[in-house]
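Topology and contacts: notes
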Amino acid sequence: MYTLPVLLIITFAIAFAKKVSLYDSFAEGIRSAFQLMINILPYLMTIFFAIELLRASGLSVLLSELLEKPFMYLGIPKELSELLILRPLSGSGSLVILQKIYDNYGVDSYPARVASVIMGSTDTIMYVVAVYFSTSKNKKTGLAIPISVFVSLAATFLACLLCKIF
Amino acid sequence: MPRPRQYNYCMNVVFSIIITACVCYMLFTSPGGIINTFMDGGMASLTFSVKLFVIYAVWMSVMKVLEKSGLDIWVARLLNPITKRLFKNESEECYKNINLNLSANLLGMGGAATPLGIRAVELMENQKNKIMLVVINATSIQLIPTTILSMRAAMGATEDIMLPTLIVNIASTVTAVALVSLLVRK
């Protein structure tokens, strides 16, 4: 809890010693953040369109119900299907579903533990790929998405397995 | 005549499938709500952007102070032996951003990591290096899942998920790096 404030104070102290203007540095930092947001926003909004459409149309619920059976055959608890659909798209959305899993099945239940491990060891693939390539001149993402999806699926299986052992 | 592949080929495929399927499905469930749904999504992205902007503004300000004091190079040097092996033939400025992105990620400071990662990809010449960094980030490399741990603590969890999470994380990062170096050309 104290690490971050202490690191900040050390940073500021060194900046004072080197006669760096904190005020101007902050203004510059904020300006570059603004520039960055302008570059990111178009890609961000497309993802939010997709998330909202999936949610409002009810297709995500339908899809997760359809996927429950195949997931069960693969050894993935069916309670997780909605989380697995939303995880690559939305960080905040998947946190809401994680909370729902905690509330419905108990925080120490098997599905809740697997869900926690999945949330801690995978990321919002579509969002990361879109945003990281947003300012790059060559936007060819190549195999970035297929590899990330495959690795995340493998991570999901491993999480299911490990939560049975631990 | 075969058309040249679009830039964001995979993103385009996923995005097209999602919005087409959803709009078709809504034609039967709530045809009047389609445009409103787009508006809601757009509004949600703006609200989110404001929050994201503030997070980035704070972290990029701190990074600016580090940069002007010459401390960032010092922090970045620690990871150079690993990154110079993973990412070949890039500029020093680029390596600095890769290293800072990876260290911010490892420390669980996602807000600081993203702008650094974007800058690193922007500076990269080699497409394979870009994909490598993006895949490492997209498959998560944080050591301590702070948000999940605090959510679990708030619910009064007794079971610990730190060890399995760490094992899965390490395994997935290693697999990701191996797959990118094997499958991506150039």
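Further up the page is the structure itself.
The structure contained in this document is the topic of the report that follows. These numbers come from a predicted model, not from an experiment.

Turning our eyes to something else, we now look at the overall build of chain A. For chain A, the count of helices and strands is 8 helices and 0 strands. When the helices and strands of chain A are placed in sequence order, the string is α-α-α-α-α-α-α-α. Against the globule reference of 15 Å for 166 residues, chain A gives a C-alpha radius of gyration of 21 Å, more extended than a compact globule. For chain A, the spread of C-alpha atoms along the principal axes amounts to about 65 × 40 × 30 Å. Residues counted as buried form 49% of the 166 residues belonging to chain A. Long-range contacts, defined as pairs at least 24 residues apart, comprise 60% of the intrachain contacts of chain A with a sequence gap of at least 6.

Time to look at the interface of chain A and chain B. Across the contact, 85 residues belong to chain A and 82 residues belong to chain B. Notably, a salt bridge pairs Arg152 of chain B with Asp108 of chain A, separated by 3.3 Å at the nearest N-O pair. Put simply, chain A and chain B have 15 residue pairs in polar contact (both at pLDDT 80 or more) between them. Those elements giving two or more residues to the side of chain A that touches chain B turn out to be α1 (3-17), α2 (22-57), α3 (59-73), α5 (91-105), α6 (110-121), α7 (125-132) and α8 (144-165) of chain A. Take the side of chain A that touches chain B: its biggest share by element is 25 residues, from α2 of chain A. Classifying every residue of the side of chain A that touches chain B gives 55 nonpolar, 20 polar and 10 charged.

A word on a nonpolar patch on the surface. Residues Tyr2, Leu4, Val6, Leu7 and Ile10 of chain A make up a contiguous nonpolar surface patch of about 520 Å² in total accessible area. Residue position: Ile10 of chain A is located in helix α1.

The tally for this structure, following the rule as stated, stands at 5 aromatic pairs over all chains. Both rings, one in Phe34 of chain A and one in Phe53 of chain B, keep their centres 5.5 Å apart while their planes meet at 70°; by these two values the pair is edge-to-face. Pair noted here: Phe34 of chain A is in helix α2 and Phe53 of chain B is in helix α2 (residues 34-68), and the two residues belong to different chains. Of the residues examined, Phe34 of chain A reaches a relative accessible area of 49% and is grouped as partly exposed. Its relative accessible area of 22% is what places Phe53 of chain B among the partly exposed residues. A ring pair is formed by Phe48 of chain A and Phe48 of chain B, whose centres lie 5.3 Å apart and whose planes are at 35°; its orientation type is tilted. Here the residue Phe48 of chain A occupies a position in helix α2, and Phe48 of chain B occupies one in helix α2, the pair thus bridging two chains. Accessibility expressed as a relative area gives 24% for Phe48 of chain B, which makes it partly exposed.

Among the residues of helix α8 (residues 146-154) of chain B, Ile148, Met151 and Arg152 of chain B are the ones counted as buried. The buried residues of α8 of chain B occupy an angular sector of 95° when projected down its axis, which confines them to one face. Those residues of α8 of chain B that are exposed and aimed more than 90 degrees away from the buried face are Ala153 and Ala154 of chain B. Lining the buried residues of α8 of chain B we find α5 and α6 of chain A. Downstream of α8 of chain B by a residue or two, Gly156 of chain B has a phi angle that is positive, lying close to 75°.

With that settled, consider the packing of α1 of chain A against α2 of chain B. Where α1 of chain A meets α2 of chain B, the axes come as close as 9 Å, and the angle between the chain directions of the two elements is 45°. When the axes of α1 of chain A and α2 of chain B are compared, the pair comes out oblique. Helix-helix and strand crossings are classified by hand; for α1 of chain A and α2 of chain B the assignment is left-handed. Of the residues in α2 of chain B, those touching α1 of chain A at Leu4, Leu8, Thr11, Phe12 and Ala15 of chain A are Trp59, Val62, Val65 and Leu66 of chain B. Residues that form the contact of α1 of chain A with α2 of chain B fall into these classes: 8 nonpolar, 1 polar and no charged.

Here we take up the pattern of salt bridges. Under the defined criterion, the tally for this structure stands at 9 salt bridges over all chains. One salt bridge in this structure joins Arg55 of chain A and Glu52 of chain A, with 2.7 Å as the shortest N-O distance. Taken together, the residues span about one helical turn, with Arg55 of chain A and Glu52 of chain A both in helix α2 at a distance of 3 residues. Of the residues examined, Glu52 of chain A reaches a relative accessible area of 12% and is grouped as buried. Across the salt bridge formed by Asp72 of chain B and Lys96 of chain B, the nearest N and O atoms sit 2.9 Å from each other. Linking Asp72 of chain B in helix α3 (residues 71-77) with Lys96 of chain B in helix α5 (residues 92-106), this pair joins segments that are 24 residues apart in sequence. Residue Lys96 of chain B is classed as buried on the basis of its relative accessible area, which comes to 12%. Each member of the salt-bridge network shares a partner with another, and the members are Glu28 of chain A together with Lys64 and Lys68 of chain B.

The rules behind these values
Residues numbered from 1 in each chain as written. Chains lettered and ligands numbered in written order. Predicted model: local features only at pLDDT ≥ 70, side-chain atom pairs only at ≥ 80, totals over all residues. Heavy atoms only, no water. Helix = DSSP H or I, 4+ residues; strand = E, 2+ residues; numbered from the N terminus. Rg over C-alpha atoms; globule rule 2.2 N^0.38 Å. Buried < 20%, exposed > 50% of the residue type's maximum accessible area, 1.4 Å probe, protein only. Contact = heavy atoms within 4.5 Å. Salt bridge = Lys/Arg side-chain N within 4 Å of Asp/Glu carboxyl O. Polar contact = N/O pair within 3.5 Å; in protein donor to acceptor, adjacent residues only side chain to side chain. Nonpolar A, V, L, I, M, F, W, Y, C, P; charged D, E, K, R; others polar. Patch = residues over 30% accessible without salt bridge, like charges linked within 9 Å, V, L, I, M, F, W, Y side chains within 5 Å. Areas by Shrake-Rupley, 256 points an atom, 1.4 Å probe, with all protein chains shown as cover. Phe/Tyr/Trp six-rings, centres within 6.5 Å; stacked < 30°, edge-to-face > 60°. Arc of directions from axis to C-beta. Axes fitted to C-alpha atoms, helices over the stretch in contact; angles between N-to-C directions. Parallel < 35°, antiparallel > 145°, perpendicular 65-115°, else oblique. Left-handed = near helix turned anticlockwise from the far one by under 90°.

Everything listed is a geometric property; what it means functionally is a separate question.
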